[in-house]
Each structure stands twice: as structure tokens, then as C-alpha cells.
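# Observations on the model geometry
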Amino acid sequence: MSQSLVRALHLLDLLAAGTGTLGALAEATGSHKSTVLRLLRDLEGAGFVHRAPDHRYVLGPQLYRLADVALEHVDVLRAAAPRLRDLRDRVGQTVHVAVLDGHGGRYRATYVDKLEPRDAPVRMASRVGSEAVLHCTAVGKVLLAGLSPADRAEAVATLDLVRRTGRTLVDPDRLLAELQDVADRGWAQDHAENETFVNCVAAPVTGPHGEVLAAVSLSVPDVLLPHEAVLDLVPPLLSATADIARDCGFRPTSPPPGGELP
């Protein structure tokens, strides 16, 4: 970890404890005032620090937003844990959970949980904390489809639509059309679009206000099941995500998507 990053994180800890003046922060960190001021300005520019009218520094709104997102994800995983274990054991395949973070068209999907069958003959290379490619993974499509149409279009316009396999969608209009289909039917698939030897299906976990909190996927190497058999996993997947959504406070006002296959 770089020295500047360590110092910046230390400043945030000091601000959280109530130390707010430039002089006090410099003394507490053992750094020159000019160094502390440069770090504070960088943090302020990113929204992590705010300079109050009395010239004291306080924690900024971006930190509160991140904290809110983090707590929300913890709550989702806590509610989802038994349902995810049941899903994994029922279908005998690897379960992933991914969440979306970002704003202003710049979004990132991150795997926050992974459950593999105890006796899995093939292990997936994915890991918790790694990024899920938005345009060609099932979880990525579910998370993008959960955005409003305007935000969805803005997000797609910023993506680097790399062709990872011969099936990857790299045309923005075709991708947007597929995302609308995902939003309409309530689940997505990755038909060897991210890796040539893996097929996936994913569905959203919906929050109390109808927002997409997370995406849950089933990932299956084609040496275990062909694509058509992976699609047969959609009903148990939808059942599990509907149960998790109810546990998270979602109360549908209309029947859920039927999960019809293409």
C-alpha cells in the first residue's frame, strides 16, 4: 500500500474521531501542513472530505454513500445465506452473488459471495472481490437491466465492449435490446459469452422499493451440463431469488416474471 494512501486513510480515521483542523491533523500524523493539505484537497475533490464554513474538515458525503451501500450488501448476504446454500445443494452447481456500484454512467460489478458444491469436479476461477464483466456475464446483465432505461443507456455508452468470445455482444444497440429483454423476463443468461466453456444464468434480488440489490447466478462449465440443461436451472434460481427478495422486505404488487425461456 502506498505511503500517500496510508496517510489519507489515517486522515479519515482522525476526522471520524473529531480531529478537524489542518494544524491538528498535521500534528497527529507527523506530517507537514502542506502534505496534509494536499491530501485533504484530493479527498475533498473525491467527496470523501468536506471543508466546513469554520474551516474544519469533516467526513464527506461519498463516505456515507459507500457506508450505506456496504451495510446494504451485508444485510442482503445475511438474508440470502441459507437460501443460497439450499440453491447450491439443490442444483449442485456454483452460486455467485454480485453487486453494482457506481454513478454517472460509470459502474462496476463485484462478486461478493461464492458457494461451490462440496464435491465439485470442476472449480471456477472466480473469487470474492473480483470484478464481473458487465456486458457479457449473466450477473452483469441483470445488474445493468436493473437500472432505469436512461441510466442503462448511459452505462452502456461508457463500457468497453470487448469481444471475449465469438458470442459476446459488442454492439451497444443489441446489448441494450438484450438488457430490456432481461428486465422484462426477470433473468439473464451468459451463453459462452464471457468464457467459451462456461454457461450461466442469473436473476435479481429485489429490495423493498423494487430496486435491484444484487444478482445471483448459477455458473456451469459445459463439461458438466450443456447449455440447454443450464436453462433448466432457471426455475429453481428464480424461486431462490424470490425468497431472498421477500426476506429483504420486497412485496410484489403484481405476479413475478414467468421466467420463460427464449
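Above this text you will find the structure in question.
Quick look at the structure, then. (Residues numbered from 1 in each chain as written. Predicted model: local features only at pLDDT ≥ 70, side-chain atom pairs only at ≥ 80, totals over all residues. Heavy atoms only, no water.)

Moving on to the overall build of the chain. Looking only at helices and strands, one finds nine helices and eight strands in the chain. Across its three principal axes, the chain shows a C-alpha extent of roughly 65 × 40 × 40 Å. Pairs at least 24 apart in sequence give 56% of the contacts found in the chain among residues at least 6 apart. Of the roughly 13400 Å² of accessible surface on the chain, a fraction of 53% belongs to carbon and sulfur atoms. (Helix = DSSP H or I, 4+ residues; strand = E, 2+ residues; numbered from the N terminus. Contact = heavy atoms within 4.5 Å. Areas by Shrake-Rupley, 256 points an atom, 1.4 Å probe, with all protein chains shown as cover.)

Looking now at unusual backbone geometry. A negative phi angle is the norm for most residues apart from glycine, just as the trans form is the norm for most peptide bonds. Even without being a glycine, H55 presents a positive backbone phi close to 75 degrees. Phi angles above zero are rare outside glycine, and A192 is one such case at about 55 degrees.

The biggest cluster of nonpolar side chains holds 28 residues, and the ones touching the most others in it are L84, L87, V201, V216 and L218. For this core, the secondary structure elements donating two or more residues are α4 (61-91), β3 (94-103), β7 (198-206), β8 (212-221), α8 (227-231) and α9 (234-247). Per-element tally for this core: the top contributor is α4, with six residues. Residues within four places of L84 in sequence aside, it is in contact with V95, V97, D113, L115, V216 and I244. A109, L143, L175 and V182 belong to the second largest nonpolar core, which has 27 residues in total. (Core = buried A, V, L, I, M, F, W, Y, C linked by side-chain atoms within 4.5 Å. Buried < 20%, exposed > 50% of the residue type's maximum accessible area, 1.4 Å probe, protein only.)

Right, let's get into the pattern of salt bridges. Applying the stated criterion across every chain yields a total of ten salt bridges. Between K114 and E116 there is a salt bridge, with its nearest N and O atoms 3.9 Å apart. Residue E116 pairs with R123 through a salt bridge whose shortest N-O separation is 3.3 Å. Within the structure, one salt-bridge network assembled from shared partners comprises R83, D243, R246 and D247. (Salt bridge = Lys/Arg side-chain N within 4 Å of Asp/Glu carboxyl O.)

Quick look at the environment of V162 now. On the secondary structure map, V162 appears in the loop between α6 (149-158) and α7 (172-185). Spatially, the C-alpha atom of V162 lies 14 Å from that of T196, the residues being 34 residues apart in sequence. Beyond its immediate sequence surroundings of up to four residues, V162 is in contact with H135, T168 and V170.

Now for helix α3 (residues 33-45). The end-to-end C-alpha distance of α3, which contains 13 residues, comes to 18 Å, matching closely the 18 Å that a straight helix rising 1.5 Å per residue would cover. Among all positions of α3, only T35, V36, L39, L40 and L43 are buried. For α3, the angular spread of buried residues about the axis comes to 130 degrees, placing them on one side. Opposite the buried face of α3, by more than 90 degrees, sit the exposed residues R41 and G45. The secondary structure elements touched by the buried residues of α3 are α1 (3-16), α2 (22-29), β1 (49-51) and β2 (57-59). Phi for G47, located one or two positions after α3, is positive at around 85 degrees. (Expected span 1.5 Å × (residues − 1). Arc of directions from axis to C-beta.)

We now examine the side chain of S219. If you trace the backbone, S219 turns up in strand β8. Within polar-contact distance, the side chain of S219 engages the side chain of H96 at 3.1 Å. Here S219 is in contact with Q93, T94, H96, M124, V198, N199 and C200, once residues within four sequence places are set aside. (Polar contact = N/O pair within 3.5 Å; in protein donor to acceptor, adjacent residues only side chain to side chain.)

Moving on, we come to the state of the cysteines. Among covalent bonds in proteins, the disulfide is the one between the sulfur atoms of two cysteines. In this structure the tally under the stated criterion is zero disulfides. Free of any disulfide, C200 has its nearest cysteine sulfur in C136, 10 Å distant. Residue classification places C200 among the buried residues on the basis of a relative accessible area of 9%. (Disulfide = S-S within 2.5 Å.)

Quick look at the packing of α1 against α3 now. Remark: α1 packs on α3, axes separated minimally by 10 Å, with the N-to-C direction vectors making an angle of 75 degrees. Classified by the angle their axes make, α1 and α3 are roughly perpendicular. Between α1 and α3, the contacting residues are S4, R7, A8, L11 and L12 on the first element and T35, V36, R38, L39, L40 and L43 on the second. Taken together, the residues of the contact of α1 with α3 break down into seven nonpolar, two polar and two charged. (Axes fitted to C-alpha atoms, helices over the stretch in contact; angles between N-to-C directions. Parallel < 35°, antiparallel > 145°, perpendicular 65-115°, else oblique. Nonpolar A, V, L, I, M, F, W, Y, C, P; charged D, E, K, R; others polar.)

With respect to the secondary-structure elements, E178 resides in helix α7. When residues no more than four places from it in sequence are discounted, the contact partners of E178 are K141, L169 and Q189.

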